Structures are given as C-alpha cells and as structure tokens.
Amino acid sequence: ESFTKLEVSNYSPEEFKERLKVENKSSPNAVEQKHNEKSVSVSASKSEKSHDSSKSKSMESNGAYSNELENVIAKLEQKLPPVPTASYQFLTDWKKISKYPVLKYQYLKQFPPEKFPELFKHYMEPEIFPEILSTLSSSFMENGDDIVPYMMHLSTVGRFNTMLMFMADPEKEDLRKLLSYAEMSGYPSDEVEALLKLYKI
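Numbers given for residues are sequential positions, taken from 1 along each chain in its written order. Owing to the predicted nature of the model, reporting of local features is limited to residues with pLDDT of at least 70; listing and counting of side-chain atom pairs is limited to 80 or more, with chain, interface and lining totals taken over all residues. Only heavy atoms go into the side-chain values, all of them from the structure, while hydrogens and water stay out.

Student: Help me understand the pattern of salt bridges, please; the structure alone is not making it clear to me.
Tutor: Oppositely charged side chains can form a pair if their charged atoms are brought close together. What counts as a salt bridge is simple: a side-chain nitrogen of Lys or Arg found within 4 Å of a carboxyl oxygen of Asp or Glu. The final tally for this structure, using the stated rule, is three salt bridges. Residue Asp145 is joined to Lys109 by a salt bridge in which the shortest nitrogen-to-oxygen separation is 3.4 Å. Here Asp145 is found in the loop between helix H6 (128–142) and helix H7 (148–154), whereas its partner Lys109 is found in helix H4 (residues 101–110), with 36 residues between them in sequence. We note a salt bridge from Glu118 to Lys115, for which the minimum N-O separation is 3.7 Å. Each residue is placed in one exposure class: buried if its accessible area under a 1.4 Å probe, protein chains only, is under 20% of its type's maximum, exposed if it is over 50%, and partly exposed if it falls in between. Residue classification places Glu118 among the exposed positions, given a relative accessible area of 54%. Owing to a relative accessible area of 16%, Lys115 belongs among the buried residues under this scheme. Numbering of helices and strands runs from the N terminus; a helix is a DSSP stretch of H or I covering at least four residues, while a strand is a stretch of E covering at least two.

If you want it as structure tokens, here you go:
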C-alpha cells in the first residue's frame, strides 16, 4: 500500500518483490515501537496514580495527626469546666469546649447523668441533644464506658420525643450504635428493652 502506481512501474517484477520484502520487515518494528510507546504511557499513568494515592494517604494521616494535636492543645489551653448546676451553665460550657472531643468526653464523664432531668426538666436545646449522643457513641464506646445511665436519664429531659422526631439520619445512626452497644452492656433484659422502647426511631 505504500507504493503508488507510478513507483510500481519503475521496478521490474523481481525488484518490486525485493522492495516489498524490505517494507514488510520494517513494518513490525514500527508496530513494536508503537507498542513500546503505549507501554511507557501506561506505566507513567500507573506511576502517577500511585503517587496520587500515596499523597492522599499522607494527607489523611496528616489530618488525623492534626486532630490529635488539636486535642492536646485543648487540654493545655482549656480548663475543664466544673459540674454545672444550671442548664445555662451546661450550655455555656458545652459551646466553649465544642471543638474539642476530648474535653466533651471528660465533661460528660464528670457529669452525673441523673442531673439531666434536673437541669433540663422543661427543655433541652435541639442541637445539644445529638451532640451528646455523638460523644457517647464515639468517645464513651471507644473507651468501653457505661452509656446506659446517660441514655436512661436523657430520655426524661423536656421535649425528648420531639427531639427524637427531628433527628437527622447521621444522628439516628449514632443512636442505633448506642442502642446496639446497650444491648451488649450486661444490663437486665427488661431494662434494655425499656430503653429500646424509649428510643424507638
């Protein structure tokens, strides 16, 4: 196909056959060259993807380290508030430490759960309730702490059912984790069943 009619006419049949042999021998080399170029391109692409993956993992690692460092700084800079005696004090303290998971965990750990209905007899801010559940489902569960007393007394705060009704899906997922954890807590089955009924979502 590489010969024009004019070029073919310039050769004798024997010469033309010889030229065809030369052309056919050179063609595989061209194909091989293209194949090699493609292989190099694919290899470079894989290398680039591997680099991007390593970079992504490095960023995730740095993010986790940054969060841990932030919590350490929180311990140094923030003083853990004492046990509140009024709802406004609890809310003020909670907002002050809201950026620091470690402090929220410590704050709830020192807080007697039976004080929830005392402080929030009539009303608990809707945004506080799921944040407390989130702390229970993360820090408390990770440390193997007892969450049942907190769950029981939280169910007695003002407008409890209304807050349950308006929980977002991620908040409901936290609640499901807590209820599953409570089922394996070793409490009597009747107490656990009563808790599950209270938090039915």
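Student: Please explain the packing of helix H3 (residues 87–96) against H6 as it appears in this structure.
Tutor: If you want to describe how two helices pack, look at the angle between their axes and the distance between the axes. Between H3 and H6, the shortest axis-to-axis distance is 12 Å and the interhelical angle comes to 60°. The orientation of H3 relative to H6 falls into the category oblique. For the element pair H3 and H6, the recorded crossing hand is left-handed. Note on element contacts: H6 touches H3 through Ile128, Glu131, Ile132 and Thr135, opposite Phe90, Leu91 and Trp94. By the convention adopted, Pro, Cys, Tyr, Trp, Phe, Met, Ile, Leu, Val and Ala count as nonpolar, Lys, Arg, Asp and Glu as charged, and the other residues, Gly among them, as polar. Residues of the contact of H3 with H6, tallied by class, amount to five nonpolar, one polar and one charged. Axis definition: a line fitted to C-alpha atoms, limited for helices to the stretch in contact. Angles are taken between N-to-C directions and run from 0 to 180 degrees. Each angle is binned into one of four classes, with values under 35 degrees roughly parallel, values over 145 roughly antiparallel, values of 65 to 115 roughly perpendicular, and all other values oblique. We call a crossing left-handed when the near helix sits turned anticlockwise from the far one by less than a right angle, and right-handed when that turn is clockwise. Between two residues, a contact is recorded if the distance between any of their heavy atoms is within 4.5 Å.

Student: Even after reading the chapter, I still don't get the side chain of Asp174, so can you show me in this structure?
Tutor: Among the secondary structure elements, Asp174 is positioned in helix H9 (residues 169–183). Despite its burial, Asp174 pairs with no opposite charge; the closest candidate is Lys177, at 4.3 Å N-O. Beyond its immediate stretch of four places on either side in the chain, Asp174 contacts Ser134 and Ser137. Counted as positive: Lys and Arg. Counted as negative: Asp and Glu. His and the chain ends are not counted at all.

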